[in-house]
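So the chains spell out like this:
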Amino acid sequence: MATAGAYSSISPAVPEWLNKGDNAWQMTASTLVSIQSVPGLVILYGSIVKKKWAVNSAFMALYAFAAVLICWVLLCYRMAFGDKLLPFWGKGAPALGQKYLIRQARVPETDTDAFYPMASIVYFQFTFAAITLILLAGSVLGRMNIRAWMAFVPLWLIFSYTVGAFSLWGGGFLYQWDVIDYSGGYVIHLSSGIAGLTAAYWVGPRLKSDRERFPPNNVLLMLAGAGLLWMGWSGFNGGAPYAANVEASIAVLNTNICAATSLLVWTSLDVIFFKKPSVIGAVQGMMTGLVCITPGAGVVQSWAAIVMGILSGSIPWVSMMILHKKSKLLLKIDDTLGVFHTHAVAGLLGGLLTGLLAEPALCRLLKPGTNTRGAFYGGNGGKQFLKQIVAALFVAGWNIVVTTLILVAIKLFIPLRMPDEELVIGDDAVHGEEAYALWGDGERYDPTKHDPAKQGRHVSSSYSGEISQSPYGNGARGVTVEL
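Before going into details, it helps to say that this report is about the structure given with it. None of these values were measured; they are calculated from a predicted model.

### Comments concerning the overall build of the protein
And then number 1: Along the backbone of the protein there are 19 helices and six strands.
And then number 2: Looking at the protein residue by residue over its 483 residues, the buried ones come to 55%.

Next comes the structure, spelled out in structure tokens:
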């Protein structure tokens, strides 16, 4: 009786179609994905870069989150998930009216109704759009003009993201063709990686000194941001079925299995070839595992998640550590955080592996009544693999062209790259603010450059004037100061 009472329509705020469990999970998943961006990637970006770019990098992420939300509800949600305008684009319209937001949600992927209001799905899908722009920003940190970035975010959201989302998720031609992108391997990660590399080309490189030496300013905070990203991914993939169901459980388990496997493989390769486990490398391995499993999280078996983790911890490692250094094009383009490798390569890998390993019974949980399967399971699986390739080519090609056009247009009015005098100074020149009231970007102490007396400070008498070089690379070092 208590259960029936809890789900009965006892007030206008609890219509008979509302499933409180599904709605609670969808809002929880939305919050988890939001936390991946703010504060997750804000912390990660602010700590993984050189100290003089900490504020600017964190702010680029924060601005994108806010700007995407307003554009999303004003126009873009219905461009991505609304009525069809073109085979790859929906009709833009506001998603703000109460009649629209409180009615029962419609799920384009399955053409069924969800058991919660439109407001829940509008916000959930916003968190995906926001993190895509923030991931893209990782390619242009440390030199993109902040005003150009402020113009770029809404334009790219409108003309690029909504196209991929509608094509694959909103009922567009790739969705109708049964291409599998469970939670954004193509829509989010392949898009952000390809667009990021394209943007890095047009914006231009960082200063030579920054490209040669770009140590993280706080490794522990970087790990904190990475941890929020990992834990938030349970909402990222677990919320994709739009219900608290069996498929969500499989997706969450597979997500964590693949991420853990990939991290261990990447770290092992670092130890084998570089003799030391790299913390930054571990974060990159974690990231590639999370990205790789995303397009197939709910449709592959858990043993397949381990296979995908092994490959996502090794293939992007090879592309970043070996192939990148042999490619003149990749060496010319300054992709600050290697987003091309961690997102485009890993996202493409995941999409193709899904075309091989998608299990028929799990596919029917995602889209009942279909006969979708990976090539590994025979039948029409070979065609599915080819569909995955065609979809990847469309997403990559669209992002190269549209990102180029947007940046060329912005360049007519706003310089894409900061002037060199601002690049030398960093945050203080761009924002008038600095992350830390400390000297040093990982360099050794030089009394002629870093004289505390000039700052009104007294150096401890125990300081001898010499600081030994750390055997562990270019971590930040300082002196003992009495304030």
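### Side note on the pairing of strand S3 (residues 104–107)
And then number 1: The alternating pattern of S3 places Ala 105 and Val 107 on a buried face, while none of Gln 104 and Arg 106, on the opposite face, is buried.
And then number 2: Looking at chain direction, S3 and strand S4 (residues 112–117) are connected through three bridges and run antiparallel. Across the sheet, the residue bridging to Gln 104 is Pro 117, located in S4.

### Examining helix H2 (residues 20–48)
Along an α-helix, residues three or four apart share an orientation, since each turn contains 3.6 residues.
And then number 1: The end-to-end C-alpha distance of H2 is 40 Å, a good match for the 42 Å that 29 residues give at a rise of 1.5 Å each.
And then number 2: Approximately 40 degrees is the largest bend angle found in H2, and it occurs at Gly 40.
And then number 3: The backbone nitrogen of Gly 21 has a side-chain oxygen 2.9 Å away, supplied by the residue at the start of H2, namely Asn 19.

### A word on the side chain of Gln 284
And then number 1: Structurally, Gln 284 can be placed in helix H12 (residues 279–293).
And then number 2: If we skip the residues at most four places from it in the chain, Gln 284 touches Trp 266, Met 320, Met 321 and Thr 342.

### Some points on the nonpolar core
And then number 1: Among the nonpolar cores identified, the biggest contains 111 residues, and Tyr 45, Trp 72, Trp 149, Phe 152 and Tyr 161 are the most heavily contacted of them.
And then number 2: Residue contributions to this core peak at 16 residues, all from helix H3 (residues 54–81).
And then number 3: When residues no more than four places from it in sequence are discounted, the contact partners of Trp 149 are Met 60, Tyr 63, Ala 64, Leu 133, Leu 136, Ala 137 and Met 144.
And then number 4: Core analysis: the next-biggest nonpolar cluster, separate from the first, contains 19 residues, Ala 240, Ile 293, Ala 305 and Leu 349 among them.

### Focus on the pattern of salt bridges
And then number 1: This model, assessed by the stated rule, comprises eight salt bridges.
And then number 2: Ionic pairing is found between Lys 52 and Asp 210, a salt bridge with its closest N-O pair at 3.4 Å. Residue Lys 52 is located in the loop between H2 and H3, and its partner Asp 210 is located in helix H9 (residues 208–212); the two are separated by 158 residues in the primary sequence. Of the two residues, Lys 52 and Asp 210, neither departs from the other in class, the shared state being buried.

### What to know about the side chain of Thr 261
And then number 1: Inspection of the secondary structure assignment puts Thr 261 in helix H11 (residues 246–274).
And then number 2: Its relative accessible area of 16% is what places Thr 261 among the buried residues.
And then number 3: Here Thr 261 is in contact with Ile 306, Gly 309 and Ile 310, once residues within four sequence places are set aside.

So, how was this worked out
- Residues numbered from 1 in each chain as written.
- Predicted model: local features only at pLDDT ≥ 70, side-chain atom pairs only at ≥ 80, totals over all residues.
- Heavy atoms only, no water.
- Helix = DSSP H or I, 4+ residues; strand = E, 2+ residues; numbered from the N terminus.
- Buried < 20%, exposed > 50% of the residue type's maximum accessible area, 1.4 Å probe, protein only.
- Pairing = 2+ DSSP bridges.
- Expected span 1.5 Å × (residues − 1).
- Bend = angle between axes of the 7 residues up to and from the residue.
- Polar contact = N/O pair within 3.5 Å; in protein donor to acceptor, adjacent residues only side chain to side chain.
- Contact = heavy atoms within 4.5 Å.
- Core = buried A, V, L, I, M, F, W, Y, C linked by side-chain atoms within 4.5 Å.
- Salt bridge = Lys/Arg side-chain N within 4 Å of Asp/Glu carboxyl O.

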